[in-house]
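# Tertiary structure, described
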Amino acid sequence: MDLEAKRDAAIDDLGGFDGVLIAFSGGVDSAVVSALAHEALGENAVACTAKSETLPAAELTDATRVAEEIGISHEIVSFSELDSEAFAANDDERCYHCRSMRLGKMFETARELGIETVCDGTNASDPGEGHRPGLRAVEEMNAYSPLLEHGIDKEGVREIARGYGLSVAEKPSMACLSSRIPTGLEVTESRLSR
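Residues numbered from 1 in each chain as written. Predicted model: local features only at pLDDT ≥ 70, side-chain atom pairs only at ≥ 80, totals over all residues. Heavy atoms only, no water.

## Quick look at the overall build of the chain
Looking only at helices and strands, one finds nine helices and four strands in the chain. Secondary structure elements of the chain occur, N-terminal to C-terminal, as α-β-α-β-α-β-α-α-β-α-α-α-α. Burial statistics for the chain: of 194 residues in total, 49% are counted as buried. Across the chain, contacts joining residues at least 24 apart in sequence account for 75% of those joining residues at least 6 apart. (Helix = DSSP H or I, 4+ residues; strand = E, 2+ residues; numbered from the N terminus. Buried < 20%, exposed > 50% of the residue type's maximum accessible area, 1.4 Å probe, protein only. Contact = heavy atoms within 4.5 Å.)

Shown next, in the form of structure tokens:
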């Protein structure tokens, strides 16, 4: 199946939902899911960015700008990963704890908006990229990953982004601030702000 057919199939699938909320970082993967969902559902697609200590302020500004580019409704919710002792302990499951909390906030926001389905930007290249505990949280919480579901890999994501004229088409992946703290060293607000 060529990329255009995969893209169209993803739009068709998304169009089958009453509405979707997309976990939206403003990176290329979540931007493409948002663009596909907006094309499929119009105002019934909502991008949602979780603001926390691990998200640089510039990334939040960027996410707002990209949502405006797409024309999708954009919600910003706040939470703190540091409320979780498991996250702050910074073991090799840190990303699992973070993604679980982040998606939990997305599902909570979706319920408040009367939306049943939460989507994320996991693409078909992600599962083969080594230790990715955050993917387990996506699976456990039953978030819908249209890029993964339709076999759209990272290069395909970038091509679709270019097709939509998205400014983030070539944006490199951005690891969160906590990934800069060595495993085993407690994650604190002061360490994150450095």
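Once the structure has been displayed, the description carries forward.
## What about the pairing of strand β2 (residues 45-51)?
Regular strands place their side chains on alternate faces of the sheet. Most of β2 is tucked away, with six of its seven residues classed as buried. Where strand β1 (residues 20-23) and β2 come together, four bridges link them in parallel fashion. Opposite A23, over in β2, you have C48 as the bridge partner. Remark: the β1/helix α2 (residues 28-41)/β2 crossover connection has right-handed handedness. (Pairing = 2+ DSSP bridges. Right-handed = clockwise from strand over helix to strand, strands pointing away.)

## So, the packing of helix α1 (residues 3-15) against α2
Where α1 contacts α2, the axes come no closer than 8 Å and their chain directions differ by 60 degrees. The orientation of α1 with respect to α2, classified from their angle, is oblique. The handedness of the crossing between α1 and α2 comes out as right-handed. Across the interface between the two elements, R7, A10, I11, L14 and G15 of α1 pack against L36, A37, E39, A40 and L41 of α2. Within the contact of α1 with α2, the residues separate by chemical class into seven nonpolar, one polar and two charged. (Axes fitted to C-alpha atoms, helices over the stretch in contact; angles between N-to-C directions. Parallel < 35°, antiparallel > 145°, perpendicular 65-115°, else oblique. Left-handed = near helix turned anticlockwise from the far one by under 90°. Nonpolar A, V, L, I, M, F, W, Y, C, P; charged D, E, K, R; others polar.)

## Concerning the sheet that holds strand β4 (residues 117-119)
Reading across from one edge, β3-β2-β1-β4 is the order of the four strands in this open sheet, with parallel pairing throughout. Each edge of the open sheet carries a strand with a single partner, namely β3 (73-78) and β4. Pairwise comparison of adjacent strand axes, ignoring direction, gives a mean angle of 30 degrees for this sheet. Relative to β4, β1 runs parallel, the two sharing three bridges. Within β4, the position partnered with L21 by the bridge is V118.

## A closer look at the side chain of D126
One can find D126 in the loop between β4 and α6 (133-140). Only 2.9 Å separates the side chain of D126 from the backbone nitrogen of N123, close enough to count as a polar contact. (Polar contact = N/O pair within 3.5 Å; in protein donor to acceptor, adjacent residues only side chain to side chain.)

## Focus: helix α3 (residues 57-70)
The end-to-end C-alpha distance of α3 is 20 Å, a good match for the 20 Å that 14 residues give at a rise of 1.5 Å each. Among the residues of α3, E59, L60, D62, A63, V66, A67 and I70 are the ones counted as buried. Along the axis of α3, the buried positions cluster into a sector of 160 degrees, meaning they face one direction only. Facing away from the buried side of α3, by more than 90 degrees, are the exposed residues A57, A58, T61 and E68. Just downstream of α3, G71 is the residue with a positive phi angle, here 90 degrees. (Expected span 1.5 Å × (residues − 1). Arc of directions from axis to C-beta.)

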